[in-house]
Amino acid sequence: MPSPSHPVTGAKLKPRLDRDEHNDILAVADWGQKLSFYQLSGKQIGKDRTLTYDPCCVSYFSKGEYIVMGGSDKQASLYTKDGVRLGTIGEQNAWVWTCRVKPDSNFVVLGCQDGTIACYQLIFSTVHGLYKDRYAYRDSMTDVIVQHLITEQKVRIKCRELVKKIAIYRNRLAIQLPEKILIYELYSDDSSDMHYRIKEKICRKFECNLLVVCSQHIILCQEKRLQCLSFTSVREKEWVMESLIRYIKVIGGPPGREGLLVGLKNGAILKIFVDNPFPITLLKLSTSVRCLDMSASRNKLAVVDEHNTLLVYDINSKELLFQEPNANSVAWNTQCEDMLCFSGNGYLNIKASNFPVHQQKMQGFMVGYNGSKIFCLHVYSMSAVEVPQSAPMYQYLERKMFKEAYQIACLGVTDSDWRDLATEALEGLDFDTAKKAFIRIRDLRYLELINSIEERKKRGENDNELFLADVCAYQGKFHEAAKLYKRTGHESRALSMYTDLRMFEYAKEFVGATDPKSSRILMTKQADWARSSKAPRAAAEMYLSAGEHLKAIDIIGEHGWADMLIDIARKLDKAEREPLGKCALYFKKLKHHGYASETYSKMGDLQALVQLHVETRHWDEAFSLVEKHPQFKNDVFVPYAQWLAENDRFEEAQKAFHKAGQQNKAVKVLEQLTHNAVVENRFNNAGYYYWMLSMQCLDIARESDKQREEMLKKFEHFQHLAELYHVYHSIQRYTDEPFSSHMPETLFNICRFLLNNLTKNIPPGISKVNTLYALAKQSQKLGAYKLARSAYEKLQELHIPSRFQESIELGSLTICTEPFHDSEDLIEGMMCYRCSTNNPLLNNKGSMCVNCKQPFIYSASSYEVLPLVQFYLEDGISDEEAVSLIDLEVPPVDKRDSRWQHMDNGELQTLRMDDGVDDAEEDPFIAKMSFEQGGSNFVPVKVSRSVLRSMSRRDVLIKRWPRPLKWEYFRSLLPDVSITMCPTCFKMFHSEDYELLVLQHNCCPYCRRPIDEPN
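Cut-offs and rules
In this convention, every chain numbers its residues from 1, walking through the sequence in written order. With pLDDT at 70 or above as the cut-off, local features in this predicted model cover only qualifying residues; side-chain atom pairs require 80 or more to be listed or tallied, and sums for whole chains, interfaces and linings still use all residues. Calculated side-chain values reflect all of the structure's heavy atoms, with hydrogen atoms and water omitted. Any two strands between which DSSP finds at least two bridges are classified as paired. Think of it this way: any DSSP run of H or I at least four residues long counts as a helix, any run of E at least two long counts as a strand, and we number them from the N terminus. The convention used is that axes are lines fitted to C-alpha atoms, helices contributing only their stretch in contact, and that angles between N-to-C directions extend from 0 to 180 degrees. Put simply, the grid is 1 Å and covers the protein atoms alone, a cavity is a trapped set of points that fit a 1.4 Å probe, a pocket is an open set with protein on both sides within 12 Å along at least five of seven lines, and lining residues have an atom within 4 Å of a point. Grid points are joined across faces, edges and corners, and a volume is the space filled by probe spheres set on the points. Each residue gets one of three labels, nonpolar for Ala, Val, Leu, Ile, Met, Phe, Trp, Tyr, Cys and Pro, charged for Asp, Glu, Lys and Arg, and polar for the others, Gly among them. For each residue, the accessible area found with a 1.4 Å probe, counting protein chains only, is set against the maximum for its type, and the residue is called buried under 20%, exposed over 50%, and partly exposed in between. Note on aromatic pairs: the rings of Phe, Tyr and Trp (six-membered ring only in Trp) are paired at centre separations within 6.5 Å, and the planes decide the class, stacked below 30 degrees, edge-to-face beyond 60, tilted for the rest. Buried Ala, Val, Leu, Ile, Met, Phe, Trp, Tyr and Cys residues that are joined via side-chain atoms within 4.5 Å together make up what is termed a nonpolar core. Only heavy atoms matter for contacts: two residues are in contact if any of them lie within 4.5 Å across the pair.

### A closer look at the sheet that holds strand S12 (residues 128–131)
The sheet built from four strands is open, its strands ordered S12-S13-S14-S15 with antiparallel pairing. This sheet does not close on itself; its edge strands, each paired only once, are S12 and strand S15 (154–158). Direction aside, neighbouring strands of the sheet carry axes that sit 15 degrees apart on average. Bridge count between S12 and strand S13 (residues 134–139): four bridges; the pairing is antiparallel. Opposite Gly129, over in S13, you have Ala136 as the bridge partner.

Here it is in C-alpha cells:
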C-alpha cells in the first residue's frame, strides 16, 4: 500500500463496473495538497495532481466517471476520473469535511464543519457542433469526438481540460478550453478524411455564450456583442446588436468572406458577412427567434419562433410563404431547394414546396437535413436517419411536376418509386425526365422506346398522340394504344401491334371486313405466327388463303407433304413459274420423280426436265426426250457416260461419250481401259479397246482438219496394236492355261504372224519368250524342225522364266534328234498368191512376200494366208465409179455355166465356188499382177477401168473405210476358197470359221459387233 509523507485525509476505491477492468484503482488525497492514484499493489498510476487546498474528503460517482472532493477551500469541486478539475459544485462558509454522490444519479450531498448539509444537482449540458455530415461533441467533459454521420467513423481528440465550447465548419474545428481556444484542420480535402491536426492556438481566456468558426476566423458571441477574431487572436470586426443574440449559424461563402445568419431575441433576423462591418436585416418578427435556416439557393428563410411556430419567408419579397405549428427546430435540405424538415412533439415533419406536411414519429431533436438523411440528436447521441423521399415525390407527381419530382427522387427513393416516376413522366411526354429515371432502374426496353421517339422528333415528327400511343403499347394498354393509333391515322401500326402480340381476333375486329388488303396482310402474319408456333399445316393453309404461295410451298415441302404439294402445283397457272419451280424442287428432294416431271412439263421447262431425268437416273425417259429435242444430247449423254463409268461400265461409257461428241473423254476412257486390260493380262480386251481407239481417232480425223494427219497416224498405230494383242491373247492362254481351244496349226500360224509383225519396240504385256516358246512347241509337233531349232536358239538369248526353264531345255535336247528341215506342206502354205513364191516360215522383213513384197492377207481366225491380192485404182477413178464398173455385166466366159455364186446381203460379202476352173488366160487382172524381177521396192497392182469392167463382183472384196481413208480393194485368186469380211472391222475370215465363231459369240470375234446390229 502507498505511504504518503503527509496525513491522508481521503481515500476511495473507484467503482469497477467493467468486468474486463482487472485492476482496482484507489484515489488518495493528502494534506500535502496532492491527489494520487494507486493500484492495490501499491504501484502509482500517473503523476500526482497538485491541489490548491487541503482535501478533506473524496468520493466517486457511482459509475466512476467523475470525482467529487472538498476541503479547506470551503467548496466542493468536480474532477474527472484522471484528476482534471472541471469546476466548482458549490461554495460553503466552512470547510467541507464530507461529500457523497447519490448512486445512479447526479445528486451530490456535502457536510461542512459548521454543521451545514447541502445538496446539489449537477446538470451536464450538451456541448456540440454540426456542419453537414460532420458532428463534433464533448465526451467525458475533456474529450471531443468528431463523428462522420454517413460513414459512421469517429475520431477522439483528447484535450485534458474542460471543453467549454465546440464549433465545426468545413475542414475547421474550434475547441474552447478554460484558458485557450484550439483550432484544428483536416489533413486533406477528402470528404471522408477524419484526421485532424492543430492549426492554431489562441492562448486567451474568453467569455462567450456561442462560438462559431469560419475558414479564417472565429466568431465569439457574448449576449448582444459579436466579435470576429483571426486565428492569430487579432480582433478584426465587432458588431453590437440591439437585442440579445439567440441563434447564430454560418451559412457558407468564400474563405474569409463567409456569411452568418443571426437571430435576436426581439425577432430581428440579420445576415452578417465577416468582412463587412454592417449587418443586413433580413426580417423583423414580432416574437423571439429560436431556430433559423436558409435554403440552398439563399432565396427562402425558415424561422422557428418562441411559440414553436415554423415560419417560411421569401427573402426577396419578405412574403410569408407558409407556417406550421409544433416546431422546435428546422433545417432545409442541403441538396434540394424546396424541401425542409422540422421536428416537434415527437414527430418528424417533411414538407416539400407548398404541399401538405408528411409526418412520421421520431424521438429527439432534428439538427440537419442532407439528401435523404436527417440528423437527429437524441439525449447525448447523434444519429443519421434515412428517410425515404417517396411521399414528397408523389406529391410532385400528382401535379405533373416531373423535374421537381426527379430532384426529390435523386435524394433517395426505392426502385418501385423510380419506376412510377419514369412511367408518369413518360405518359406526361417528359422524355428527358423519363429517360433519366429509366436509366436509374436500368430498363433498356423503355430506354430504346425513348431513344426512338427522340430520333423521330429530330426528324420532324411532333405528333404527341402518336408518341403516347407507342407508350401505351409498351405499357400493355393495347386497346388504348389502338384507339390512339387510329385517331392519328396510323391504323397499320395498330395492326402490327396486335399481330406481333398474336392477338389476331382483336386485329380482325380492328380491321373489319372493309379492307381486303389489310385482311390478307393479317392472314399472312397469322400464318407466320402459326409457323413459329410449330403448327405448320395450319400455317400453310393460311398462307394459301392469303395468296402467299411461296411460303406455303416452303412449309409443305419442308414437311414432305407431297399430296398437298401436287394439289398446289396442279392449281397454279403455268405462268407462275417461281412457285411451280419451287414445287418441282421439293418433288426432287422428296424423290417424287413423276410429280416433278409433271410440274416441269407444265412449265414447259425442257432443260429442267432433262436435268431431272439425268439426276434421277431415268435414262430411258431422258433418251426419249433427246430423240425429240436433239439440242439436249450433251446434257444427257455426258452425265450418262459418267454414270456408266462410275458403275464400272466403261465400254458403254465410252460409247456414250462418243454419242455426246465428247471425243476427248471417250478417248481418255478407252486409253484407261486399254491400260488396265494390258496390266491385268486381258489381251483380248486390250485388242478390242485398241481397235475402238483407232476408230475414235478416225472419227476425230474426219471432224478436225488440224488433227487429221496426227489422228491418221494414231489410227494405223492402234490398228496394228489391236491386231497384235488380239493374236497374243491366244498365245497367253496357251502358255498360262493347261488347255487350249486352238488347233496346233492355228497356234503355229498365230506365233509366226506375231513374230513377223513385232517391231523393235515390243508393246507392253506381250512376251517374246512366250511367243517363241509356243512357236517351238507347235513347230516340233507339226514337223517344222528347222523353225523349232531357230526358236529354241533365240530363247537361249532371252531371260527365261523358271516355269519354262525345264521344258525349254528338254525341247532343245529333243529337237537335236529331229531332221534339219521343215515340212514341205508348211512351206507350201506360205506361197505368195501374186508371184507364186514359197516364203520362209519366219520373215524378218514382216508379213510380206520376199520376192514381190506383196503384203499377205491373213484370216483373222486361223491366220492362214488368204488367196487375196490387194489392188489399187488408177488415178482419176473414184471409189463410186470403181464399184459401178465392177457391178456392170459379168465378163465374157465360155459357154459353160457360171461356176461362181456371189452372195452380198449388205452386211457380209461371200464368194462361193460352184464348178469348173477359171480361165486365167482370159483374165486381164492376171496380166496386171506381173512385175519386174529383182526390184527392191513394192510395186502395187493398179487397175484401169477396162480391168475393173472385166472383174466380177463376186471376186472382189472391198474395205469401205469411212473418210478420210480410201477404200481398199482385194481380188480373190482362188474362187473355191470361201471368204467372209466383217463390214465393221473389215477383217477377213474363212467363211466356215467366221460362221462358227459368230455362233459361239453372237458377234464378230474381232470387233464384237453384234450379228443382228445393222451396218
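### Quick look at empty space enclosed by the protein
In this approach, a probe sized like a water molecule rolls over the atoms, and the result shows the empty space that is left. Throughout the structure, instances matching the rule amount to one cavity of 30 Å³ or more. When its volume is computed, the largest cavity comes out at roughly 50 Å³. Taken together, Cys832, Tyr833, Arg834, Gln854, Pro855, Phe856, Ile857, Val865, Leu866, Leu868 and Val869 make up the lining of the largest cavity. Looking at the lining of the largest cavity residue by residue, the classes come out as nine nonpolar, one polar and one charged.

### Some points on unusual backbone geometry
For residues other than glycine, phi is negative in most cases, and the peptide bonds are mostly trans. A cis amide bond, omega 5 degrees, links Arg963 with the succeeding residue Pro964. Within the fold, Pro964 resides in the loop between strand S43 (956–959) and strand S44 (968–972). For Glu152, which is not a glycine, the phi torsion comes out positive at approximately 65 degrees. A relative accessible area of 48% places Glu152 in the partly exposed class. Of note in this structure, Glu223 is not a glycine but carries a positive phi near 55 degrees. Structurally, the position occupied by Glu223 is in the loop between strand S21 (217–222) and strand S22 (225–230).

### Quick notes on the packing of aromatic side chains
Using the criterion set out here, one finds 23 aromatic pairs in the structure. Look at Tyr66 and Phe124: their rings are 4.9 Å apart centre to centre, the planes differ by 10 degrees, and that puts the pair in the stacked class. In this pair, Tyr66 is assigned in strand S6 (residues 66–71) and Phe124 in the loop between strand S11 (117–121) and S12, connecting sequence segments 58 residues apart. For the pair formed by Tyr66 and Phe124, the shared burial category is buried. On the basis of an interplanar angle of 75 degrees and a centroid distance of 6.4 Å, the ring pair of Phe856 and Tyr858 is categorised as edge-to-face.

### Focus: the nonpolar core
Of all hydrophobic cores here, the largest spans 87 residues; its most connected members are Trp691, Tyr725, Phe748, Leu754, Leu795, Leu868 and Met988. Ranked by residue count, the leading element in this core is helix H21 (residues 683–703), at 13 residues. Once residues within four sequence positions are removed from consideration, Phe748 is found in contact with Leu775, Gln778, Ser779, Leu782, Ala784, Leu787, Leu826 and Leu841. Grouped together as the second largest cluster of nonpolar side chains are 50 residues, Cys159, Ile168, Ile175 and Ile272 included.

### Observations concerning the layout of surface pockets
Volume-wise, the largest pocket comes out at about 1500 Å³. Forming the boundary of the largest pocket are 50 residues, of which Leu130, Tyr247, Ile248, Lys249 and Val367 lie nearest the centre. Among the secondary structure elements, those contributing two or more residues to the lining of the largest pocket are S12, strand S16 (165–169), strand S20 (210–213), strand S24 (245–252), strand S28 (289–294), strand S32 (329–332), strand S36 (365–370) and strand S37 (373–378). Tallying contributions element by element places S24 first for the lining of the largest pocket, with eight residues. For the lining of the largest pocket, the residue count by class is 29 nonpolar, 13 polar and eight charged.

### Some points on the pairing of strand S10 (residues 107–112)
Here five bridges tie strand S9 (residues 96–101) to S10, and the two strands are oriented antiparallel to one another. Counterpart to Cys99 in the pairing with S10 is Leu110. If you look at the hairpin formed by S9 and S10, you'll find five residues sitting between the two strands, and Asp104 has a positive phi there, around 55 degrees. As judged from the five bridges shared by S10 and S11, these two strands associate in the antiparallel manner. Each residue of the ladder has a partner; that of Val109, found in S11, is Cys119. The antiparallel pairing of S10 with S11 creates a hairpin that spans four residues between the two strands, and Gly115 there sits at a positive phi of about 90 degrees.

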